[in-house]
Amino acid sequence: MSPLPLLFAIYLNDIDSIAEWVKGVWYSRFFGDPHAVDDLCLMSNDPNHVQTMLNKLRAYARRNSLTVNTQKSELMCFNSCTSNLPPLFYDGAQLPYADSFKNLGMVCDRQINLNTAADAALRPFTAGTFCI
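Scoring rules and cut-offs
- Residues numbered from 1 in each chain as written.
- Predicted model: local features only at pLDDT ≥ 70, side-chain atom pairs only at ≥ 80, totals over all residues.
- Heavy atoms only, no water.
- pLDDT = per-residue confidence, 0-100.
- Contact = heavy atoms within 4.5 Å.
- Helix = DSSP H or I, 4+ residues; strand = E, 2+ residues; numbered from the N terminus.
- Expected span 1.5 Å × (residues − 1).
- Bend = angle between axes of the 7 residues up to and from the residue.
- Buried < 20%, exposed > 50% of the residue type's maximum accessible area, 1.4 Å probe, protein only.
- Polar contact = N/O pair within 3.5 Å; in protein donor to acceptor, adjacent residues only side chain to side chain.
- Core = buried A, V, L, I, M, F, W, Y, C linked by side-chain atoms within 4.5 Å.

Colleague: It is not clear to me how the confidence of the model for the protein chain should be interpreted in this structure. Could you clarify?
Modeller: Here the protein chain averages 76 in pLDDT, and 76% of its residues register 70 or above. Overall, residues 29-35 carries pLDDT values under 50, and its contacts beyond four positions in sequence, including any with other chains, amount to 17 contacts.

Colleague: Looking at this structure, how should I read helix α3 (residues 114-131)?
Modeller: Spacing of three or four residues puts side chains on the same side of an α-helix, whose turn is 3.6 residues. With 18 residues, α3 should reach 26 Å at 1.5 Å per residue; the first-to-last C-alpha distance of 26 Å fits that figure. Along α3, the helix axis deviates most sharply at Leu 122, where the bend reaches about 30°; the proline Pro 124 sits within four residues downstream.

Colleague: Just checking my understanding: could you explain the side chain of Gln 51 for this structure?
Modeller: By secondary structure assignment, the location of Gln 51 is in helix α2 (residues 47-63). Residue classification places Gln 51 among the buried positions, given a relative accessible area of 17%. Polar side-chain contacts of Gln 51 include one of 2.9 Å to the side chain of Asn 55. Ignoring anything within four residues of it in the chain, the contact list for Gln 51 reads Pro 87, Leu 88 and Phe 89.

Colleague: What's the story with the environment of Asp 16 in this structure? I'm lost.
Modeller: Note that Asp 16 resides in the loop between α1 (4-11) and β1 (25-29). Measuring from C-alpha to C-alpha, the distance between Asp 16 and Tyr 60 comes to 10.0 Å, with 44 residues separating the pair along the chain.

Colleague: Explanation requested: the nonpolar core in the structure shown.
Modeller: Within soluble globular proteins, side chains that are nonpolar generally end up buried alongside one another. The biggest cluster of nonpolar side chains holds 15 residues, and the ones touching the most others in it are Ile 18, Leu 42, Met 53, Leu 54, Leu 88, Tyr 90 and Leu 95. Broken down by element, the residue count for this core peaks at 6 residues, all from α2. Not counting residues within four places of it along the chain, the set of residues in contact with Leu 54 comprises Leu 42, Leu 88, Phe 89, Tyr 90 and Leu 95.

See below:
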């Protein structure tokens, strides 16, 4: 087994510092290429706190020579009207708001509709059954 995933985890051991002194919850997971973070999720009930964490993430990434792909970055605000959401930025790039995202194979939408998740989970099963 390669030591690279362990070394990468040690390298990013202090990433939780981006959430220090910010009310909210943060979550991250690392899969695939040990040289790239596939997913990082920052969560808070206050958009100002999210912006603070994004600013801290930018400083953290620069200190550790990491890159965040803003082309693949999105925001989601649960149970809200998308027309009145404040713009949030990472390194000068405004991040777009999404209506849904996929996490660990489960599709979540901003209304937290479990039918959306169930339909997404059922599609591969239905396609496989149809092939049989």
